[in-house]
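Summary of the model geometry
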Amino acid sequence: MGAALRRYASSTAAVIGLVLLLLVIAMAASAGWLFPDDPLSLAGAPLTPPFTEEGLLLGTDSVGRDIAAQIFHGARVSLLVGVVATGIAIGIGILVGAVSGYFGGATDAALMRLTEAFQTVPSFILLLMLVVIFGSEVTTLALVIGAVSWTAPARLTRAEFLTLRSRDFVLSCRTLGMPHARIIFLEILPSALPPVIVYVSVVMALAILQESALAFLGLSDPNIASWGNLIGDGRRVLRSAWYVAALPGLAIIVTVLAISLVGQGVNDLLNPRLGRR
């Protein structure tokens, strides 16, 4: 463990990403303490510029709501959507990919045709359809984003299982008469997980961007403070009050960059070829 931490710490980019991600998590954790009132309540005159009025550090939006409060509370929404959607996508992807790669044959063909069917429709178009059908509450958004993001983890898991299923330890398990479920989840899956773990950062970053894009289009939950909702409000006053859209946009950029850098650091840590250098 100590050697792994030292190897991770040797990457400046990975450390920077971890620090930034911890800052975003700290924002989400402290939002209720720093801004205990409803972040969507009126706090001052509309379009108050940043650093011009005490108590309104980042100013107000076009309605008069505190931008800082919305950004801090929006961090909760983004992280919640990112974590839940990633868990759903990775869970479905691992299940489909593991069964497909382990059994092969007709099972593999059927599951891969299903995967290709999902990949035929652009994921964001499918996401729009699901939001229109099931609604735009934040929990629903997390579920549907996860439901359209499982295909890449499924293909990655399948590729690993196709490589591992003919190894000696798997053949020995079959010879001993172990149940298929035990072989899949207790014997093969631990060896197939490292590349899937690395891909978690990609899924989470995309989930946050997709929620922000839906909010920008007015398809997110209007009753919550989110970065996308704030950007959507700011686009109408972009020429006169650029900060309304720019500040939450910066928060999204920092969060996605942090997750990507942490993912790259984990990739360097888990890649055996890099580890032997």
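Summary of the structure given here. For clarity, every value in this text was computed on a predicted model and none was experimentally measured.

Considerations on a nonpolar patch on the surface
- On the surface, Val15, Val19 and Leu23 cluster together into a nonpolar patch covering about 230 Å² of accessible area.
- With respect to the helices, strands and loops of the structure, valine 15 is situated in helix H2 (residues 12–34).

Let's talk about the environment of glycine 64
- Tracing the backbone through its elements, the reader meets glycine 64 in the loop between H2 and helix H3 (67–103).
- Sequence-wise, glycine 64 and methionine 112 are 48 residues apart; in three dimensions their C-alpha atoms are separated by 51 Å.
- With near-sequence residues (within four places) excluded, glycine 64 lies in contact with Ser41, Leu42, Ala43, Gly44, Ala45 and Pro46.

Structural notes on the packing of H3 against helix H4 (residues 105–120)
- Where H3 meets H4, the axes come as close as 7 Å, and the angle between the chain directions of the two elements is 145°. Judged by the sense of rotation from one axis to the other, the crossing of H3 with H4 is left-handed. Counted together, Val96, Val99, Ser100 and Phe103 of H3 and Gly105, Thr107, Asp108, Leu111, Met112 and Thr115 of H4 form the full contact between these two elements.
- Taken together, the residues of the contact of H3 with H4 sort by class into 5 nonpolar, 4 polar and 1 charged.

Concerning the pattern of salt bridges
- This structure, assessed with the given rule, holds 5 salt bridges.
- Of the charged contacts in the structure, one is a salt bridge between aspartate 108 and arginine 158, with a shortest N-O distance of 2.7 Å. With a gap of 50 residues between them, aspartate 108 in helix H4 and arginine 158 in helix H7 (residues 151–164) connect regions that are remote in the sequence.
- Through salt bridges with shared partners, one network takes in Arg113, Glu116 and Arg155.

Some words on the packing of helix H9 (residues 180–216) against helix H11 (residues 243–270)
- It is at 8 Å that the axes of H9 and H11 come closest, and there the two elements cross at 175°. Considered as vectors, H9 and H11 are oriented roughly antiparallel to each other. Where H9 abuts H11, its residues Pro194, Ile197, Val198, Ser201, Met204, Ala205, Ile208, Leu209 and Ser212 lie against Ile252, Thr255, Val256, Ile259, Gly263, Val266, Asn267 and Leu270.

Some remarks on the side chain of serine 78
- With respect to the secondary-structure elements, serine 78 resides in helix H3.
- In this view, serine 78 contacts Ile208, Glu211 and Trp227; residues no more than four positions away in its chain are not counted.

Thoughts on the layout of surface pockets
- In this model, the largest pocket occupies a volume close to 260 Å³.
- Arg65, Asn229, Leu230, Gly232 and Asp233 are, among the 17 residues lining the largest pocket, the residues nearest its centre.
- Put simply, the parts of the chain that give the lining of the largest pocket at least two residues each are H9 and helix H10 (227–234).
- Of the residues forming the lining of the largest pocket, the biggest block, 4 residues, is contributed by H10.
- One number sums up the size of the second largest pocket: a volume of about 220 Å³.
- Looking at the second largest pocket, it is lined by 17 residues, and the ones nearest its centre are Ser123, Val148, Ser149, Thr151 and Ala152.
- For the lining of the second largest pocket, the elements supplying multiple residues, two or more each, are H4, helix H5 (123–134), H7 and H9.
- Of all the elements, H9 adds the most residues to the lining of the second largest pocket, at 5 residues.
- Tallied by class, residues from the lining of the second largest pocket come to 12 nonpolar, 5 polar and no charged.

Things to note about H2
- With 23 residues, H2 extends 31 Å from end C-alpha to end C-alpha; this agrees with the ideal 33 Å at 1.5 Å per step.
- Taking the largest bend as the criterion, H2 deviates by roughly 30°, centred on alanine 28.
- Taken residue by residue, H2 has Ala14, Gly17, Leu21, Val24, Ala28, Ser30 and Ala31 as its buried positions.
- Where H2 is buried, its residues contact helix H1 (2–9), H3, H10 and H11.

Some remarks on the packing of aromatic side chains
- For the structure on display, the rule yields 4 aromatic pairs.
- Geometrically, the ring pair formed by phenylalanine 118 and tryptophan 150 is edge-to-face, given 5.1 Å between the ring centres and 70° between the ring planes. In this pair, phenylalanine 118 sits in helix H4 while tryptophan 150 sits in the loop between helix H6 (138–147) and H7, placing the two residues 32 residues apart along the sequence.
- Ring geometry for tryptophan 242 against tyrosine 243: centres 6.1 Å apart, planes inclined by 80°, an arrangement best described as edge-to-face.

How each quantity is defined
- Residues numbered from 1 in each chain as written.
- Predicted model: local features only at pLDDT ≥ 70, side-chain atom pairs only at ≥ 80, totals over all residues.
- Heavy atoms only, no water.
- Patch = residues over 30% accessible without salt bridge, like charges linked within 9 Å, V, L, I, M, F, W, Y side chains within 5 Å.
- Areas by Shrake-Rupley, 256 points an atom, 1.4 Å probe, with all protein chains shown as cover.
- Salt bridge = Lys/Arg side-chain N within 4 Å of Asp/Glu carboxyl O.
- Helix = DSSP H or I, 4+ residues; strand = E, 2+ residues; numbered from the N terminus.
- Contact = heavy atoms within 4.5 Å.
- Axes fitted to C-alpha atoms, helices over the stretch in contact; angles between N-to-C directions.
- Left-handed = near helix turned anticlockwise from the far one by under 90°.
- Nonpolar A, V, L, I, M, F, W, Y, C, P; charged D, E, K, R; others polar.
- Parallel < 35°, antiparallel > 145°, perpendicular 65-115°, else oblique.
- 1 Å grid on protein atoms, 1.4 Å probe; cavity = no way out; pocket = protein on both sides within 12 Å on 5 of 7 lines; lining within 4 Å.
- Points joined across faces, edges and corners; volume = space filled by probe spheres on them.
- Expected span 1.5 Å × (residues − 1).
- Bend = angle between axes of the 7 residues up to and from the residue.
- Buried < 20%, exposed > 50% of the residue type's maximum accessible area, 1.4 Å probe, protein only.
- Phe/Tyr/Trp six-rings, centres within 6.5 Å; stacked < 30°, edge-to-face > 60°.

Functional significance is not addressed by these values, which are geometric in nature.
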